[in-house]
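Take a look at the letters that make up each chain.
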Amino acid sequence: MRTGRGTGAAAGIGRGAGAGDTVAGVVQQWRAVHPGLDTGPMEVIGRINRCAALLQQAEDAPLRRAGLSRAEFDLLGALRRTGHELTAGELARETFSSGAAVTKRLKQLTERGLVERRGDTRDRRVAHLRLTDAGRDLVDGILPEQLAYETAVLAVLDPEGQGELAGLLGELLSRLEGRMGALRA
């Protein structure tokens, strides 16, 4: 993996990088139709999206065995890692989810006995959410297995490549999180 900056072939993207993957085929098709088109962004974003799709298709085997979706596990994990009660709005921010999606998932998790609600004494519209003992045990039991699964998925890259990829994705994510409002305008 290269750390050079720039776009397209100048950054080590394209010709040779990821040759043989599905995105390389798409890029090759676009180059045949529009030879002068800079496909560098497509090569990066397309590969990120394709990796995400493949990981979602795998459905995180340990979570699937526990009957949880990734989104449900993210809610349970947020309650576990913060170590205190959260409101539905706080959970939405912690998990980058919509309020409606969080409400739906919380209903299911509450019915399963994994999350419990406590009404706010000052504002009846607000509920404070926390893990039940069963929810905490489930998260603590699944997390090591889930991390082992993710380690196996990433084993196709050597540790140095994993670190480099994590750093580059972290840099991209940090910049996007700071700029997405401006990009949407």
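Residues numbered from 1 in each chain as written. Predicted model: local features only at pLDDT ≥ 70, side-chain atom pairs only at ≥ 80, totals over all residues. Heavy atoms only, no water.

J.: Can you help me understand the overall build of the protein chain in this one?
T.: Across its full length, the protein chain holds eight helices and two strands. Starting at the N terminus and walking to the C terminus, you meet the elements of the protein chain as α-α-α-α-α-α-β-β-α-α. Within the protein chain, buried positions represent 24% of all 185 residues. Pairs at least 24 residues apart make up 50% of the contacts formed inside the protein chain by residues separated by at least 6 positions. (Helix = DSSP H or I, 4+ residues; strand = E, 2+ residues; numbered from the N terminus. Buried < 20%, exposed > 50% of the residue type's maximum accessible area, 1.4 Å probe, protein only. Contact = heavy atoms within 4.5 Å.)

J.: Explain the packing of helix α4 (residues 70–82) against helix α6 (residues 99–111) here, please?
T.: The relative placement of two packed helices comes down to the angle between their axes together with the axis-to-axis distance. Running from N to C, α4 and α6 point in directions that differ by 80 degrees, and their axes come no closer than 10 Å. Taken together, α4 and α6 sit at an angle that is classed as roughly perpendicular. Between α4 and α6, the residues in contact are Ala71, Glu72, Leu75 and Leu76 and Val102, Arg105, Leu106, Gln108 and Leu109, respectively. Grouping the amino acids of the contact of α4 with α6 by side-chain chemistry returns six nonpolar, one polar and two charged. (Axes fitted to C-alpha atoms, helices over the stretch in contact; angles between N-to-C directions. Parallel < 35°, antiparallel > 145°, perpendicular 65-115°, else oblique. Nonpolar A, V, L, I, M, F, W, Y, C, P; charged D, E, K, R; others polar.)

J.: What am I meant to see in the layout of surface pockets here?
T.: Take a probe with the size of a water molecule and roll it over the atoms, and the empty space left behind shows itself. By volume, the second largest pocket is sized at about 200 Å³. Lining the second largest pocket, in full, are Arg70, Phe73, Asp74, Gly77, Ala78, Arg80, Arg81, Glu94, Thr95, Val139, Asp140 and Leu143. If you list the elements that add at least two residues to the lining of the second largest pocket, you get α4, α5 (88–95) and α7 (133–154). It is α4 that provides the largest number of residues to the lining of the second largest pocket, a total of seven residues. A breakdown of the residues in the lining of the second largest pocket according to their chemical character gives four nonpolar, two polar and six charged. (1 Å grid on protein atoms, 1.4 Å probe; cavity = no way out; pocket = protein on both sides within 12 Å on 5 of 7 lines; lining within 4 Å. Points joined across faces, edges and corners; volume = space filled by probe spheres on them.)

J.: I tried to follow unusual backbone geometry on my own but got confused; where do I start?
T.: Note: most peptide bonds trans; most residues except glycine with negative phi. Of note, Phe96 is a non-glycine position whose phi angle comes to about 55 degrees, a positive value. Position of Phe96 relative to the elements: it lies in the loop between α5 and α6.

J.: When you look at the pattern of salt bridges in this model, what are you seeing that I'm missing?
T.: What the rule picks out here adds up to 15 salt bridges. Two residues, Lys107 and Glu111, come together in a salt bridge whose shortest N-O distance is 2.6 Å. Of the two residues, Lys107 and Glu111 are both situated in helix α6; the distance of four residues between them amounts to about one turn of the helix. A cluster of three or more residues bridged by salt bridges with shared partners is formed by Asp21, Arg31, Glu43 and Arg47. (Salt bridge = Lys/Arg side-chain N within 4 Å of Asp/Glu carboxyl O.)

J.: Sorry if this is basic, but what is going on with the side chain of Thr39 here?
T.: Assignment of secondary structure puts Thr39 in the loop between α1 (22–33) and α2 (40–58). Overall, Thr39 belongs to the buried group, its relative accessible area being 3%. Here the side chain of Thr39 touches Glu43 through a polar contact of 2.8 Å, side chain to side chain. Discounting chain neighbours no more than four positions away, the residues touching Thr39 are Val27, Trp30 and Arg31. (Polar contact = N/O pair within 3.5 Å; in protein donor to acceptor, adjacent residues only side chain to side chain.)

J.: Even after reading the chapter, I still don't get a nonpolar patch on the surface, so can you show me in this structure?
T.: On the surface, a cluster of nonpolar side chains totalling about 420 Å² of accessible area is made up of Val44, Ile45, Ile48, Leu169, Leu172 and Leu176. Tracing the backbone through its elements, the reader meets Ile45 in helix α2. (Patch = residues over 30% accessible without salt bridge, like charges linked within 9 Å, V, L, I, M, F, W, Y side chains within 5 Å. Areas by Shrake-Rupley, 256 points an atom, 1.4 Å probe, with all protein chains shown as cover.)

J.: I would appreciate a short explanation of the confidence of the model for the protein chain in the present structure.
T.: When pLDDT is averaged across the protein chain, the result is 85; 86% of the residues are at 70 or more. This model gives residues 1–16 a pLDDT under 50, and the stretch forms 28 contacts once residues within four places in sequence are excluded. (pLDDT = per-residue confidence, 0-100.)

J.: What is the right way to look at the side chain of Thr87 in this model?
T.: Tracing the backbone shows Thr87 in the loop between α4 and α5. The buried category is assigned to Thr87, whose relative accessible area is 16%. With residues up to four places along the chain from it excluded, the contact list for Thr87 reads Val126, Ala127, His128 and Leu129.

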